[in-house]
Amino acid sequence: MLTQTKTKTQAKLDSYYDGEFDAAIALPPKFREGQYWRGYLAKANQTGNTPF
């Protein structure tokens, strides 16, 4: 049986929607790189919720 694992770096890059969610509820960003950051900025620009 094969299992797929992700490293921490891959998990950070794959979490665009996590970034959107955090920005939508006005949480500060967890980190500022990769897909998470892109999603965070996109939602922050859309909603105007900027906790920073």
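Structure shown above.
In this report, the structure presented in the accompanying data block is examined.

Reading the values: the criteria
- Residue numbers here run from 1 along each chain, matching the order of that chain's written sequence.
- Totals for whole chains, interfaces and linings use all residues, but because this is a predicted model, local features are given only for residues with pLDDT of at least 70 and pairs of side-chain atoms are given and counted only at 80 or more.
- Note: side-chain values were computed over all heavy atoms of the structure, leaving out hydrogens and water.
- Each helix corresponds to a stretch of at least 4 residues labelled H or I by DSSP, and each strand to a stretch of at least 2 residues labelled E; elements are numbered beginning at the N terminus.
- The rule is simple: take the accessible area with a 1.4 Å probe, protein chains only, and divide by the maximum for that residue type; under 20% is buried, over 50% is exposed, in between is partly exposed.
- The criterion used for residue contact is that any of the two residues' heavy atoms lie within 4.5 Å.
- Where accessible areas are quoted, they stem from the Shrake-Rupley method and a 1.4 Å probe; at the residue level, only the protein chains shown are allowed to cover.
- Patch members must show over 30% relative accessible area and no salt bridge, and they are joined within 9 Å when carrying like charges or within 5 Å when they are nonpolar side chains of Val, Leu, Ile, Met, Phe, Trp or Tyr.
- The term salt bridge refers to a side-chain nitrogen of Lys or Arg lying within 4 Å of a carboxyl oxygen of Asp or Glu.
- Stacked, edge-to-face and tilted labels apply to pairs of Phe, Tyr and Trp rings (six-membered ring for Trp) whose centres lie within 6.5 Å, assigned for plane angles under 30 degrees, over 60, and everything in between, in that order.
- Counted as positive: Lys and Arg. Counted as negative: Asp and Glu, with His and the chain ends omitted from the count.
- What the arc describes is the spread of directions from the helix axis to the C-beta atoms.

### With respect to the overall build of the protein chain
Working step 1: From N to C terminus, the protein chain includes three helices and zero strands.
Working step 2: Listed N to C, the secondary structure of the protein chain is α-α-α in terms of helices and strands.
Working step 3: The 52 residues of the protein chain split such that 23% are buried.
Working step 4: Looking at the protein chain alone, contacts between residues at least 24 apart form 14% of all its contacts between residues at least 6 apart.
Working step 5: Summed over all atoms, the accessible surface of the protein chain reaches about 4,100 Å², with 52% contributed by carbon and sulfur.

### Quick notes on a nonpolar patch on the surface
Working step 1: A cluster of nonpolar residues, Phe21, Ile25 and Leu27, forms a patch on the protein surface that exposes about 280 Å² of accessible area.
Working step 2: Assignment of secondary structure puts Phe21 in helix 2 (residues 16–24).

### Re the packing of aromatic side chains
Working step 1: Enumeration according to the criterion identifies four aromatic pairs in this entry.
Working step 2: Seen in terms of ring centroids, Phe31 and Tyr36 are 4.5 Å apart; in terms of plane orientation they differ by 40°. Their pairing is tilted.
Working step 3: Here the aromatic residues Phe31, Tyr36, Trp37 and Tyr40 are joined through ring pairs into a cluster of three or more.

### Quick word on the side chain of Glu20
Working step 1: Along the polypeptide, Glu20 turns up in helix 2.
Working step 2: It turns out Glu20 is buried and unbridged, and the closest side chain with the opposite charge, Lys43, is 5.3 Å from it.
Working step 3: What Glu20 contacts, discounting residues up to four positions off in sequence, is Gly39, Tyr40 and Lys43.

### Examining helix 2
Working step 1: Restricting attention to buried positions, one finds in helix 2 the residues Gly19, Glu20, Asp22 and Ala23. Along the long axis of helix 2, the arc covered by the buried residues comes to 165°, so they all point the same way. Turned more than 90 degrees away from the buried face of helix 2, the exposed residues are Tyr17 and Phe21.
Working step 2: Residues of helix 2 that are buried in the fold lie against helix 3 (34–47).
Working step 3: Looking at the residues trailing helix 2, positive phi occurs at Ala26, about 60°.

By themselves these figures say nothing about function.
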